[in-house]
Amino acid sequence: MKRLACIRAWLLLLLCLGPDLVAGESRPRPNIVLMLTDDLGYGDVGFMGATKIRTPHIDRLAAEGLPLTDAHSPAAGCQPRRSGVFTGRNYGRAPRTGNGFHFQDNEILMPRVLRDHGYATAMFGKWHLGWGLERRWPEGMWDAPISHGPNQAGFDYAFAQASGHEWPPFVFIENNRVYQADPSDPLIITRDNPEYWPYAGGQGSSHGAAAAHAAYDVSRLDLEMAERAVKWIGEQEKPFFLYLPFFAPHVPLMPSEAFKGTSEAGLLGDFIQQLDHAVGMVLDALDEKGLADNTLVVFTSDNGGCYIQSAMDAGHNSMGPILGLKGDAWEGGHRVPFVVRWPGRIPAGTRSDHLFSLTDIFPTFAAALGMTLPRHAAPDGMNQLPLWEQPELPVSIRHEMIYQGRGKALRHGDWLYLPFAGPGGLFGTFYMEQMGFVNSDFDGNTLRPDAPPGQLYNLRNDLTQTTNLYEQHPELAAFLDMRFRELMRQNRSK
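Presented here is an overview of the structure given in this document.

Rules and cut-offs
- Residues numbered from 1 in each chain as written.
- Predicted model: local features only at pLDDT ≥ 70, side-chain atom pairs only at ≥ 80, totals over all residues.
- Heavy atoms only, no water.
- Helix = DSSP H or I, 4+ residues; strand = E, 2+ residues; numbered from the N terminus.
- Buried < 20%, exposed > 50% of the residue type's maximum accessible area, 1.4 Å probe, protein only.
- Contact = heavy atoms within 4.5 Å.
- Areas by Shrake-Rupley, 256 points an atom, 1.4 Å probe, with all protein chains shown as cover.
- Core = buried A, V, L, I, M, F, W, Y, C linked by side-chain atoms within 4.5 Å.
- Pairing = 2+ DSSP bridges.
- Phe/Tyr/Trp six-rings, centres within 6.5 Å; stacked < 30°, edge-to-face > 60°.
- Lys NZ or Arg CZ within 6 Å of the ring centre and 35° of its normal.
- Axes fitted to C-alpha atoms, helices over the stretch in contact; angles between N-to-C directions.
- Salt bridge = Lys/Arg side-chain N within 4 Å of Asp/Glu carboxyl O.
- Parallel < 35°, antiparallel > 145°, perpendicular 65-115°, else oblique.
- Nonpolar A, V, L, I, M, F, W, Y, C, P; charged D, E, K, R; others polar.

1. Here's the deal with the overall build of the chain
Link 1 in the chain: When helices and strands are tallied, the chain shows 13 helices and 21 strands.
Link 2 in the chain: Of all 494 residues assigned to the chain, the portion counted as buried reaches 58%.
Link 3 in the chain: Pairs at least 24 residues apart make up 71% of the contacts formed inside the chain by residues separated by at least 6 positions.
Link 4 in the chain: Surface exposure of the chain reaches about 19,700 Å², of which carbon and sulfur atoms provide 54%.

Here's what the structure looks like:
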């Protein structure tokens, strides 16, 4: 009888606390906002040390959340990184579809999983993961519904640019159709034209489709994406996943007139400060709708940054103390700014220096929502929710990962191993001397003829990669080379 009374008391308590706790949750399922910048460097934001560029909204996010100072993109280039965050898979292991769309129809993708678990899903911004079933877009493709794009990847709603603001077509696409399309005024893309609309200097041109082109203001892309995202947030009545792949600060640097001259780092700084304003618009919308406390927000970059001469002349270093830049297997190619905020679950005002890969985002989101993923999902991702909730964990969850620049490298604990000489990319040595970087394999910007065939750095003691220890630790280099090749042969890294 006493036991029965006890059970009744517990049932009464559960009913009073509400259905979420009865279901095993302490509050409703969280919303998720994932903000992905394009080529934002490790040192391009205030919370990572930038002084010539002001980023108060991004810095506020860092102060209210958890910055991860050892977060890495699995690849130092755009498409492989974006693919990895949706699949939890390193790009080198990704199955090839043989067409323009980067994913298999039955592939386990983060947006699809969230949508199938009852989340409203939307994206606003740079897609760059293939659209349609043709690698080379035929002229008539853009005047009809486009068969494969963000909607097929799991987004209920998408308002996007097909690639980036340096590539045609210079129009928006809304849910598989060109925005403001006019059948009587077809869109024409010319790939071999040295000038492209609306500015000169790159990858082809797009013509015709006057209404569609008029709706596309290249100087306001991030602001427009934020405005549309804010409106979409205000319309939601159930948990949502919002993906915001911003355009800045990828070249060409195209800030609006309102932001030109506002920074101390030239157009790069102006473009980043416009990006920061767009981030602030989204954060304010969450506040105004009372959603901030139950929204998991992640802010990061797709890969490392680029050196822009005007910013360098002003004394700004986009990679901070990190050697290398976008495209390199050196740290600057893939170490990225990263912040996660989830009030009540992630302690504010903390930092973590534990290793984190952007392929971990997918399984960590799933864990935060109480989802169990199939074993073959996210083969290169790890659930790092315990790290987010307990930043002072004494032991890292992730101990190693493969990085991809033009060459591939292995991170193993505090050690970085590269099975080649040099940056493993196109531009890493070009700015070394000008930016004051020193590396034991180089005389200025020139690789020494007697440089070792591989590289080994202890990042705990030498974050800037000044001293190659390859010849001082031959047994460790041999072990890491064996481990690197073993991981490259496997179809998963966990």
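Further notes follow.
2. Here's the deal with the nonpolar core
Link 1 in the chain: M35, F124, W232, I233, F240, L242 and L244 are the most contacted members of the largest nonpolar core, which has 76 residues in total.
Link 2 in the chain: At eleven residues, helix α8 (residues 266-288) tops the list of elements feeding residues into this core.
Link 3 in the chain: Look past the residues within four positions of I233 in its chain and what remains in contact with it is F240, L242, V282, A285, L286, K289 and L291.
Link 4 in the chain: L66, W127, F241 and Y243 belong to the second-largest nonpolar core, a separate cluster that totals 55 residues.

3. Focus on helix α4 (residues 78-87)
Link 1 in the chain: Here α4 lies mainly inside the structure; nine of its ten residues are buried.
Link 2 in the chain: For α4, the secondary structure elements touched by its buried residues are β1 (31-37), α5 (110-116), β4 (120-126), β12 (240-245), β13 (295-301) and α11 (361-368).

4. Let's talk about the pairing of β4
Link 1 in the chain: Here β4 lies mainly inside the structure; seven of its seven residues are buried.
Link 2 in the chain: Here β4 runs beside strand β5 (residues 157-161); their pairing, made up of five bridges, is parallel. For K126, the partnering residue across the bridge sits in β5 and is Q161.

5. Some thoughts on the packing of aromatic side chains
Link 1 in the chain: Following the criterion strictly, the structure yields 22 aromatic pairs and no others.
Link 2 in the chain: Pairing F86 with W127 gives two aromatic rings, centres 6.0 Å apart and planes at 40 degrees, and the pair type is tilted. With F86 in helix α4 and W127 in the loop between β4 and β5, the pair connects residues that are 41 residues apart, well separated along the chain.
Link 3 in the chain: Taking the relative accessible area as the measure of exposure, F86 reaches 0% and is therefore buried.
Link 4 in the chain: Assessed through its relative accessible area of 0%, W127 is described here as buried.
Link 5 in the chain: For the pair Y307 and Y431, a centre-to-centre distance of 5.3 Å together with 65 degrees between the ring planes defines the contact as edge-to-face. Linking Y307 in the loop between β13 and α9 (309-313) with Y431 in the loop between β18 (415-418) and β19 (442-443), this pair joins segments that are 124 residues apart in sequence. The pair formed by Y307 and Y431 is uniform in burial state, with each residue classed as buried.
Link 6 in the chain: Pairwise contacts between aromatic rings join F86, F103, W127, W131, F155, F241 and Y243 into one cluster.
Link 7 in the chain: The ring of F159 is capped by R228, whose NZ or CZ atom sits 3.8 Å from the centre of that ring.

6. Digging into the sheet that holds strand β21 (residues 455-458)
Link 1 in the chain: Spatial ordering of the open sheet is given by β16-β17-β18-β21, a layout of four strands whose pairing is antiparallel. Of all strands in the sheet, those bounded by a partner on one side alone are β16 (400-404) and β21. Each neighbouring strand pair of the sheet contributes to a mean axis angle of 20 degrees, computed without reference to strand direction.
Link 2 in the chain: Sheet topology note: the β16/strand β17 (residues 408-412) ladder contains five bridges and is antiparallel. Pairing of Y403 across the sheet is with A409, part of β17.
Link 3 in the chain: Sheet strands in contact with helix α13 (residues 474-489) are β16, β17, β18 and β21, and its direction is about 115 degrees off that of β17.

7. Section: the pattern of salt bridges
Link 1 in the chain: All chains considered together, the criterion is met by 26 salt bridges.
Link 2 in the chain: Its salt-bridge partner being D39, residue K326 comes within 3.0 Å of it at the nearest N-O pair. In this pair, K326 is assigned in the loop between α9 and α10 (331-334) and D39 in the loop between β1 and α3 (56-64), connecting sequence segments 287 residues apart.
Link 3 in the chain: Linking E224 and R228 is a salt bridge whose minimum nitrogen-to-oxygen distance equals 3.1 Å. Taken as a pair, E224 and R228 lie in helix α7 (residues 221-235) at a separation of four residues, close to a single helical turn.

8. With respect to the packing of α7 against α8
Link 1 in the chain: Two numbers describe how α7 lies on α8: the axes approach to 9 Å, and their chain directions differ by 5 degrees. With respect to each other, α7 and α8 are oriented roughly parallel. Contact with α7, carried on its side by D222, L223, A226, E227, V230 and I233, involves Q274, L275, H277, A278, M281, V282, A285 and L286 of α8 and no other residues of that element.

9. Structural notes on the side chain of Q465
Link 1 in the chain: Within the secondary structure, Q465 sits in the loop between β21 and α13.
Link 2 in the chain: According to the relative accessible area criterion, Q465 is buried, its value standing at 0%.
Link 3 in the chain: Not counting chain neighbours up to four residues away, the residues in contact with Q465 comprise L323, W330, E331, L416, V438, N439, Y457 and L459.

10. A closer look at the side chain of D360
Link 1 in the chain: Looking at the element boundaries, D360 is found in the loop between β15 (356-357) and α11.
Link 2 in the chain: Among the residues examined, D360 registers a relative accessible area of 0% and is labelled buried.

11. Here's the deal with the packing of α3 against α8
The relative placement of two packed helices is expressed as an angle between their axes plus a distance between the axes.
Link 1 in the chain: It is at 7 Å that the axes of α3 and α8 come closest, and there the two elements cross at 50 degrees. The angle between the axes of α3 and α8 places the two elements in the oblique class. Counted together, P56, H57, I58, R60 and L61 of α3 and D276, H277, V279, G280, L283, D284 and D287 of α8 form the full contact between these two elements.
Link 2 in the chain: Residue composition of the contact of α3 with α8, by class: five nonpolar, three polar and four charged.

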